[in-house]
Amino acid sequence: MYRLVVTQENVAVNGSRRLSPQEIADALRGRIRAGDLRPGDRLPTQAELAEEFGVERGAVRQALRELQSDGLLSNVSKGSPPRIAEQAPARHEPQPTMVALAPRLTEAFAAPHVRLDAACLTAETLMVALSEPVRQIHEGRIRPQRIDARILLPSRDIALAFPVSVEGNGDETDPVHSRWLGQRNSQGQVLKHNLLALRATHGIEVNVTFRALPFTPPIKLYLLNEAEALFAYYKVTEREEPVLGEPRQLYDALGSTPLLFSFEKRAGQRDATFVTESQNWFDALWATITTDLTLS
């Protein structure tokens, strides 16, 4: 049975949010693409998956049907657990962020010195995706000697462009802002805890630092070992979602679904330039207009 190391990946400001069927499907896709689940392998039972992800079996069934429609599973409707039908597409083909990020992080964490820089709206997608390399460290399959992670997140003091109530102004009086802030802090704390715990369990030197952006990032960027840049656009949409128990129209973006594009230094001059310039952009923000960020 494959268990996520991050046990609070569904945390939210009120602690009640659970993973959606889409997010469960994305997490399982990541395991298939990482090679942990191979063609012919059986998945855990629906009951085991429901326990692992902390959801009802109905959510698991929806996730499995989605994977079957993608051609990744067979025998979903039969009594026994489904099998993996085929391998995922090549890693350089753009895939949803949640799908593509976990295997790329896992490969990066196989290096002796891991350097992870990220700029994003919240740490949710990164928090969930990091559960895969952390799990493989616990299983002894990879063993970095040092991990340095720097995370840029929006400041709590700015009026966000999104998420925001359609009729709100994005400042601290907007309940959507308060919910986002709770998510930003709680997800960042889980991410930090799971990485720092590797010090005690495996003797790995770990440093995790957060800084605050003075603007809402329209993109998410992950830089791995100064050798690869993963880039995705936030797609802002209008949708209805309950906030503090009341339905509310929001301008928001789902961070797990945008296509993630990979650029590697070893792939040629064009990709190498993109990686270098992305790293320079991140380093300049880190050293200049960003400020200390305390997750509280």
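Residues numbered from 1 in each chain as written. Predicted model: local features only at pLDDT ≥ 70, side-chain atom pairs only at ≥ 80, totals over all residues. Heavy atoms only, no water.

Caption draft 1: Fine view of the sheet that holds strand β5 (residues 146-154). Read from one edge of the open sheet, eight strands run β3-β12-β9-β8-β4-β5-β7-β13, paired in mixed fashion. Two strands lie at the open edges of the sheet, namely β3 (95-96) and β13 (291-292), each paired on one side alone. In the sheet, strand β4 (residues 113-119) pairs with β5 via seven bridges, with the strands oriented parallel. Within the sheet, the bridge partner assigned to Ala119 lies in β5 and is Leu152. Across the sheet, helix α7 (residues 175-202) lies against β5 and β7 (205-213), angled at about 165° from β7, the strand it touches most. (Pairing = 2+ DSSP bridges. Helix = DSSP H or I, 4+ residues; strand = E, 2+ residues; numbered from the N terminus. Contact = heavy atoms within 4.5 Å. Axes fitted to C-alpha atoms, helices over the stretch in contact; angles between N-to-C directions.)

Caption draft 2: Representation of helix α1 (residues 21-34) within the structure. If you check α1, its first and last C-alpha atoms are 20 Å apart, about what 14 residues at 1.5 Å a residue would give, namely 20 Å. Among the 14 residues that make up α1, 10 are buried, leaving the element largely enclosed by the rest of the structure. For α1, the full list of buried residues reads Glu23, Ile24, Ala25, Asp26, Ala27, Leu28, Arg29, Gly30, Arg31 and Ile32. Downstream of α1 by a residue or two, Gly35 has a phi angle that is positive, lying close to 85°. (Expected span 1.5 Å × (residues − 1). Buried < 20%, exposed > 50% of the residue type's maximum accessible area, 1.4 Å probe, protein only.)

Caption draft 3: Expanded view of the side chain of Ser186. With respect to the helices and strands, Ser186 occurs in helix α7. With a relative accessible area of 14%, Ser186 lands in the buried category. Looking at Ser186, its side chain comes within polar contact range of the main-chain oxygen of Gln183, at 3.4 Å. (Polar contact = N/O pair within 3.5 Å; in protein donor to acceptor, adjacent residues only side chain to side chain.)

Caption draft 4: Just the confidence of the model for the protein, in detail. Across the protein, pLDDT averages 86, with 88% of residues at or above 70. Long-range and interchain partners of residues 1-16, a stretch whose pLDDT sits below 50, account for 47 contacts in this model, where long-range means more than four residues apart. (pLDDT = per-residue confidence, 0-100.)

Caption draft 5: Highlighting the pattern of salt bridges. Inspection of the entire model under this criterion finds 22 salt bridges. Two residues, Arg104 and Glu107, come together in a salt bridge whose shortest N-O distance is 3.0 Å. Linking Arg104 with Glu107, this pair stays in helix α4 (residues 97-108), spanning three residues, or about one helical turn. Residues Arg104 and Glu228 are paired through a salt bridge, measuring 2.7 Å at the closest nitrogen-oxygen approach. With Arg104 in helix α4 and Glu228 in strand β9 (residues 228-233), this residue pair connects regions lying 124 residues apart in the sequence. Arg104 gets classed as buried once you look at its relative accessible area, which sits at 6%. Through salt bridges with shared partners, one network takes in Asp36, Glu132, Arg135, Glu139 and Arg141. (Salt bridge = Lys/Arg side-chain N within 4 Å of Asp/Glu carboxyl O.)

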